[in-house]
Amino acid sequence: MTAGRLFEASAPVHPDVHLLHTDAGPRVLIADGSRLFGVGQALFDRIDAARRDPDPRVMDALLVDVGLDAPRQIDDLAPDPPPVRALSLAVAQKCNLGCTYCYAQQGDFGGPAKNMPEPTAFAAVDTLFRDAAPGERVNLAFLGGEPMINRPVVRAATEYALTVSERTGVPVTFSITTNGTLLTPEDGEFFEAHGFAVTVSLDGIGARHDLLRPHRDGRGSYRRVMDRVAPLLAMQRRMQVSARVTVTPLNLDLPRTLDEFTAAGFHGVGFSPMLSSPTGQGEMASADLQVMLDQMTECGEEFVRRVLAGQRYPFTNLVTALREIHRGTHRPYPCGAGAGYLGVSADGDLAACHRFVGDEDGAMGDLTGGVDDAKRARWLTDRHVHRQEPCNGCWARYLCGGGCHHEVIRRGRPACDYIRGWLHHCLSVYSRLLAARPDYFTG
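All values reported here derive from a predicted model rather than from experimental measurement.

*Asks:* Help me out: how do you make sense of the overall build of the chain in this one?
*Replies:* Across its full length, the chain holds 15 helices and 14 strands. Overall size of the chain, expressed as C-alpha extent along the three principal axes, is 65 × 45 × 40 Å. Within the chain, counting contacts between residues at least 6 apart in sequence, those at least 24 apart form 71% of the total. For the chain, the accessible surface area stands at approximately 18,600 Å², while carbon and sulfur atoms represent 51% of it. For the chain, the distance from the average position of its 46 positive side-chain charges to the average position of its 53 negative side-chain charges is 2 Å.

Okay, structure coming up:
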């Protein structure tokens, strides 16, 4: 199905019900609880008529009549702020690249370039483990800027977290997002030893990447990144090395990019549209998102072909979507930002996530004074999907969660058609694979 047809097929008609025709037959999605059902054509037609009726009682009565009603799982109440169990440390608010679209304003977040001192990193680790019970899992992430500029603190904080983990009985996992230019084989050995999830920012192949992610003197970085990442790809066992591609109007070549990075040995390859940059440069417009959706679905069809042939194809966007659909994931937020996940600046200020470092809109206290739970409570109330427009009338709201907080606050919601179209495609792929390869979801 083309992007244009996906836009039409996924347009919101009723906030609580979505219908789709799939190769496996008609399907109905009940938004609350993200429950997907196969139905006969006669019932499909009845639901279609009911969802177009201006009287909401008609749909409610029909769902009761056919046994598809259920108690509401998401209401208007925001949850109490949960314990913080994930922190991302901006260990280096500086970068050696000059990516013009960077949310961190080329790494320094609009302020003086700085590194996080070791005591600040250790204080962040203490905050992460505070009040965690044995058996609870915590995650420590390293971002920037470019975190490998401050390699000693990355290593020291990791080792300190492992010491605290052993003392408390609280398991810890690690992740890092890097531009890849400073990686060494010794870094790979360290990440492998501690089971890091390593995400490498790669915005296409060769010249496309070089255009978007140059060194500050204008030199391209692609060849250097691939050479530096190669030893990590070869040694990954406990470590998982993935590629993250920020999609702009200048690198819309997703199928080739996915195949190239798959062949290189990346464990996963994911694509994310550039929806908000400090200068507006590189942002995706509606026409660009339509092209992107066509290419995402092309990647999705190749994923189906590979899975049906018993092959692995690391298209992270679809793998993640299928897993969440199968689990019945439903949520009033797009992620854990401002809830169980916070960002930490080089100075020890706490933020709703790594993208809000240095931004008052997402300030959440500091390591000295502690997490500001009053601000977190207001955040969770204000950012609840039921308080977002036009989310209230959208069937996809509990799969989407309302969109990235930072992007929405900065630019609004320019990608709703794209997101709905992509989710419609994912629901269709899920229905097809569940019928043809049910074992894929039990492995």
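*Asks:* Just checking my understanding: could you explain the sheet that holds strand 2 (residues 25–30) for this structure?
*Replies:* Each strand in a sheet pairs with its neighbour through backbone hydrogen bonds, running either in the same direction (parallel) or in the opposite one (antiparallel). Within the open sheet, the three strands sit side by side as 1-2-3. Their pairing is antiparallel. Of all the strands in the sheet, just strand 1 (17–22) and strand 3 (35–38) have a single pairing partner and so form its edges. Across the sheet, the mean angle from the axis of one strand to that of its neighbour is 25 degrees, orientation sign disregarded. Judged from the six bridges that link them, strand 1 and strand 2 form a sheet pairing that is antiparallel. Its bridge partner being in strand 2, H21 is matched across the sheet by P26.

*Asks:* Could you clarify how one ought to interpret the pattern of salt bridges in this entry?
*Replies:* Between side chains of opposite charge, a pair can form as their charged atoms come close. Per the counting criterion, the structure on display carries 27 salt bridges. The salt bridge involving D55 is made with R57; its shortest N-O contact spans 3.0 Å. Notably, a salt bridge pairs D253 with R256, separated by 3.5 Å at the nearest N-O pair. By relative accessible area, D253 is classed as partly exposed at 31%. R256 sits in the partly exposed class, given a relative accessible area of 47%. Residues participating in the shared-partner salt-bridge network are D16, R72 and R397.

*Asks:* Looking at this structure, how should I read helix 2 (residues 41–51)?
*Replies:* Each full turn of the α-helix corresponds to 3.6 residues, which orients residues three or four apart in the same direction. F44, I47, A50 and R51 are the residues of helix 2 that are buried. Mapping the buried residues of helix 2 onto a view down its axis gives an arc of 125 degrees, with all of them on the same face. Residues of helix 2 that are buried sit in contact with strand 1, strand 2 and helix 3 (56–65).

*Asks:* Explanation requested: the domain arrangement of the chain in the structure shown.
*Replies:* For the chain, the assigned domains are domain 1 (3–76 + 388–402 + 410–441) and domain 2 (86–327). A straight line from the C-alpha centre of domain 1 to that of domain 2 covers 31 Å. Listed by partner, the interface residues are 23 residues for domain 1 and 29 residues for domain 2. Of the roughly 2,400 Å² buried between domain 1 and domain 2 on both sides combined, carbon and sulfur atoms contribute 71%. For domain 1, the biggest contributors to the area lost against domain 2 are R411, Y418 and W422; these three give 28% of the whole. Joining domain 1 to domain 2, the criterion identifies two salt bridges. As a salt-bridge pair, E283 and R411 come within 3.4 Å of each other at their nearest N and O atoms. Summed over the shared surface of domain 1 and domain 2, the result is seven residue pairs in polar contact (both at pLDDT 80 or more). Counting residues per element, the ones that place at least two in the side of domain 1 that touches domain 2 are helix 1 (3–9), helix 14 (405–411) and helix 15 (416–436). The element contributing the most residues to the side of domain 1 that touches domain 2 is helix 15, with 12 residues. Taken together, the residues that form the side of domain 1 that touches domain 2 break down as 16 nonpolar, three polar and four charged.

*Asks:* Looking at this structure, how should I read the packing of aromatic side chains?
*Replies:* Given two aromatic rings, one states the distance between the centres and the angle between the planes to describe the pair. Going through the model one piece at a time under the given rule, you end up with 13 aromatic pairs. Ring centres 6.1 Å apart and planes at 85 degrees place the aromatic pair F303 and Y440 in the edge-to-face group. One end of the pair, F303, is in helix 10 (residues 286–308); the other, Y440, is in the segment after helix 15, and 137 residues separate them in sequence. Residue classification places F303 among the buried positions, given a relative accessible area of 1%. Members of the aromatic cluster, connected to one another through ring pairs, are F142, F174, F190, F191 and F196.

*Asks:* Please explain the pairing of strand 7 (residues 172–178) as it appears in this structure.
*Replies:* Successive residues of a regular strand alternate their side chains across the two faces of the sheet. The buried count for strand 7 comes to five of seven residues, which makes it a mostly enclosed element. Sheet analysis places strand 6 (residues 138–144) next to strand 7, joined by five bridges and oriented parallel. Paired with A141 across the bridge in strand 7 is S175. Between strand 6 and its parallel partner strand 7, the chain crosses via helix 5 (residues 151–168), and the hand of that crossover is right-handed. Examined bridge by bridge, strand 7 and strand 8 (residues 197–201) share four bridges and lie parallel to one another. Bridge assignment links I176 to a residue of strand 8, and that residue is V198.

About the thresholds
Residues numbered from 1 in each chain as written. Predicted model: local features only at pLDDT ≥ 70, side-chain atom pairs only at ≥ 80, totals over all residues. Heavy atoms only, no water. Helix = DSSP H or I, 4+ residues; strand = E, 2+ residues; numbered from the N terminus. Contact = heavy atoms within 4.5 Å. Areas by Shrake-Rupley, 256 points an atom, 1.4 Å probe, with all protein chains shown as cover. Lys, Arg positive; Asp, Glu negative; His and termini not counted. Charge placed at Lys NZ, Arg CZ, Asp CG, Glu CD. Pairing = 2+ DSSP bridges. Axes fitted to C-alpha atoms, helices over the stretch in contact; angles between N-to-C directions. Salt bridge = Lys/Arg side-chain N within 4 Å of Asp/Glu carboxyl O. Buried < 20%, exposed > 50% of the residue type's maximum accessible area, 1.4 Å probe, protein only. Arc of directions from axis to C-beta. Domains from an automatic or database assignment. Buried area = accessible area lost by both parts, 1.4 Å probe. Polar contact = N/O pair within 3.5 Å; in protein donor to acceptor, adjacent residues only side chain to side chain. Nonpolar A, V, L, I, M, F, W, Y, C, P; charged D, E, K, R; others polar. Phe/Tyr/Trp six-rings, centres within 6.5 Å; stacked < 30°, edge-to-face > 60°. Right-handed = clockwise from strand over helix to strand, strands pointing away.

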